[in-house]
Amino acid sequence: MKILCFTPLPYGDGTGWWSRDLALTVRGFRELGHEAWLVCWRTSHSQDPEGRPVLLIAPEEARSPDWWQRQKPDAVLLGLWTMPKYDPIRAAALSATPRVVERCDSDGIRLPSCGHQKFFQNELVAAWDRATPGRRVFGALTAAGKCLASELAAPWMQKRLRKSLQLLPFFLAETPVATLRLQGLAKTLGVPPEKFRQVPHPIDTEIFRYAQPAPAKQPVLVSVGRWQALQKDWPLLQATLHIFLDRHPEFRAVVFGSGAPSSSPHPRLALSGPAPAKEIARHLQSAQILFFSSRYESFLLAGAEALCCGCSVIGPREVASAEYFASFFAGFPPAPRKARELARALDQEAHQWRQSRRNPQAIAAKAVSQFSYPHVASSILAVWREIQEF
């Protein structure tokens, strides 16, 4: 079976692509015996320098039914974020096969009607993070104007989105919360809510796994993020960890990622900067807790990676995946986005580990069974089978 997995992003030389998202899904399809290809924008290279299965094309080719028909795909997976501007690509892919599904990669807040405050917050934070440092205020003002325009143009936006959702047979949301939000939006728009199915992002479980022989879990907390991003909320992370570490002298914390301060705000908080996936996995395999402080996430890959390494995952309840991840270790209901509340949630989780009420092998086994890239590929194949038997 020939499968094309398309996203309108520049590929470059392929660095960082093949351990996550659509490229990792391609690996899953191939492991199951299918001829799968990643398709994205051609930039500095006309083909992958390592010969990996990718087709690099120009935007006009993606919008061309002729290009898709020449490829003769049996099925297509699109990564278009349900954005109406990509309708020509959806239509072009459908001209080649009816088995076209799309990843939403969203927390489900697609229009102001899904939640005005959350929609405006997400738009402002995303605009701030996309802008260069010297243009962030301008970017935030532009986003504020866009939010106001979204209110005024709500009927038009709903009509455009309805048209996009009517084009394809199924859309894949990453978490139960996002799925429910998008199903509710579909009902509002007069679109069948069953178009939305939950299929999580894949995880590279060859790297992120609870290794055997299993390392002993230590009182260590790990956080991973791009801390210069307003989305990740470094001030909340710092405040929460400060409270927690002061109350738990047996614990230490390790923070990976760019944008953190040059000096640590706490003697038992190590700032490790960006690190290869294998190094992060090694720390997660011996840590007990992954903590995140994000304002929003469509999925939170670091959380799923931590679960596959036998960690529990704690973060604010406002994030769509917080409750979903807690279900993997029978965790407490997620806390609100306040440092003292989140520190209290970490206190409770640390107590569970201290009392040996957390089973890292069971956490990892459940996570790997849902997030491994062959399993995710199988789940997508099952959705395609509902469109037409093959």
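For the structure itself, look to the data block above.
Here the structure is a predicted model, which is why all the values come from computation and not from measurement.

This part is about the overall build of the chain. A count of helical and extended segments in the chain gives 15 helices and twelve strands. Against the 2.2 N^0.38 benchmark of 21 Å for 390 residues, the chain shows a C-alpha radius of gyration of 21 Å, consistent with a compact globule. Based on the C-alpha atoms only, the size of the chain along its principal axes is roughly 65 × 50 × 40 Å. Here the chain holds 390 residues, and the buried ones make up 53% of them. Residue pairs in contact within the chain that sit at least 24 positions apart in sequence constitute 69% of those at least 6 positions apart. In the structure as shown, the chain presents an accessible area of about 16,800 Å², 54% of it carried by carbon and sulfur atoms.

What follows concerns the pattern of salt bridges. Summed over the entire model, instances satisfying the criterion amount to 18 salt bridges. In this structure, the salt-bridge partner of glutamate 206 is arginine 27, at a minimum N-O distance of 3.6 Å. Of this pair, glutamate 206 sits in the loop between strand S7 (196–198) and strand S8 (220–224) while arginine 27 sits in helix H1 (residues 21–31); the two residues are 179 residues apart in sequence, bridging distant segments of the chain. A relative accessible area of 23% means that arginine 27 is categorised as partly exposed. Residues arginine 70 and aspartate 66 are paired through a salt bridge, measuring 2.4 Å at the closest nitrogen-oxygen approach.

In this section: the packing of helix H14 (residues 360–371) against helix H15 (residues 373–387). Contact pair H14 / H15: the axes reach a minimum separation of 5 Å and the direction vectors enclose 45°. In this view, H14 runs oblique relative to H15, as classed from their interaxial angle. The segment H14 lies against H15, with Ser369, Gln370 and Phe371 engaging Tyr373, His375 and Val376. Among the residues forming the contact of H14 with H15, the class breakdown is three nonpolar, three polar and no charged.

Bringing the packing of aromatic side chains into the picture now. Across all of its chains, the model carries 16 aromatic pairs by this definition. Centre to centre, the rings of phenylalanine 325 and phenylalanine 371 are 6.4 Å apart; their planes meet at 85°, and the pair counts as edge-to-face. With a gap of 46 residues between them, phenylalanine 325 in helix H12 (residues 322–326) and phenylalanine 371 in helix H14 connect regions that are remote in the sequence. Among the aromatic side chains, those forming a connected cluster through ring pairs are Phe299, Tyr324, Phe325, Phe328 and Phe371. Residue placement shows arginine 27 over the ring face of tyrosine 373; its charged tip is 4.7 Å from the ring centre. One residue, arginine 30, lies across the ring of tryptophan 37, its end atom 5.3 Å from the ring centre.

In the Ramachandran plot, threonine 82 falls in the positive-phi region, its phi being about 55° despite a non-glycine side chain. Within the secondary structure, threonine 82 is located in the loop between strand S4 (75–79) and helix H4 (87–94). By relative accessible area, threonine 82 is classed as buried at 3%. One non-glycine residue, aspartate 233, lies in positive phi territory at about 60°. Relative to the helices and strands, aspartate 233 is located in the loop between S8 and helix H9 (234–247). Residue classification places aspartate 233 among the buried positions, given a relative accessible area of 7%.

Residue phenylalanine 325 is classed as buried on the basis of its relative accessible area, which comes to 0%. Every residue in contact with phenylalanine 325, bar those within four places of it in the chain, is listed here: Phe299, Leu300, Gly303, Ala304, Leu307, Val313 and Phe371.

So, about the side chain of serine 106. For serine 106, the position within the fold is in the loop between strand S5 (100–103) and helix H5 (116–130). With relative accessibility at 8%, the residue serine 106 sits in the buried group. A polar contact of 2.8 Å, which involves the side chain of serine 106, links it to the backbone nitrogen of glycine 108. Dropping the residues within four chain positions of it, serine 106 is found in contact with Glu174, Ala178 and Ser298.

This part takes up the sheet that holds strand S6 (residues 170–173). Sheet strands associate in pairs through backbone hydrogen bonding, adopting either a parallel or an antiparallel arrangement. The strand order across the open sheet built from seven strands is S3-S2-S1-S4-S5-S6-S7, with neighbouring strands paired in parallel fashion. Sheet topology places strand S3 (54–57) and S7 at the edges, where each strand pairs with a single neighbour. Across this sheet, the average inter-strand angle for adjacent strands is 25°, counted without regard to direction. Examined bridge by bridge, strand S1 (residues 2–10) and S4 share four bridges and lie parallel to one another. The partner of cysteine 5 across the bridge, within S4, is leucine 77. Packing against the sheet, H4 makes contact with S1, S4 and S5, and its axis sits at approximately 145° to S5. Those strands touched by helix H8 (residues 176–189) are S6 and S7, and its axis lies near 175° from that of S7.

Parameters and conventions
- Residues numbered from 1 in each chain as written.
- Predicted model: local features only at pLDDT ≥ 70, side-chain atom pairs only at ≥ 80, totals over all residues.
- Heavy atoms only, no water.
- Helix = DSSP H or I, 4+ residues; strand = E, 2+ residues; numbered from the N terminus.
- Rg over C-alpha atoms; globule rule 2.2 N^0.38 Å.
- Buried < 20%, exposed > 50% of the residue type's maximum accessible area, 1.4 Å probe, protein only.
- Contact = heavy atoms within 4.5 Å.
- Areas by Shrake-Rupley, 256 points an atom, 1.4 Å probe, with all protein chains shown as cover.
- Salt bridge = Lys/Arg side-chain N within 4 Å of Asp/Glu carboxyl O.
- Axes fitted to C-alpha atoms, helices over the stretch in contact; angles between N-to-C directions.
- Parallel < 35°, antiparallel > 145°, perpendicular 65-115°, else oblique.
- Nonpolar A, V, L, I, M, F, W, Y, C, P; charged D, E, K, R; others polar.
- Phe/Tyr/Trp six-rings, centres within 6.5 Å; stacked < 30°, edge-to-face > 60°.
- Lys NZ or Arg CZ within 6 Å of the ring centre and 35° of its normal.
- Polar contact = N/O pair within 3.5 Å; in protein donor to acceptor, adjacent residues only side chain to side chain.
- Pairing = 2+ DSSP bridges.

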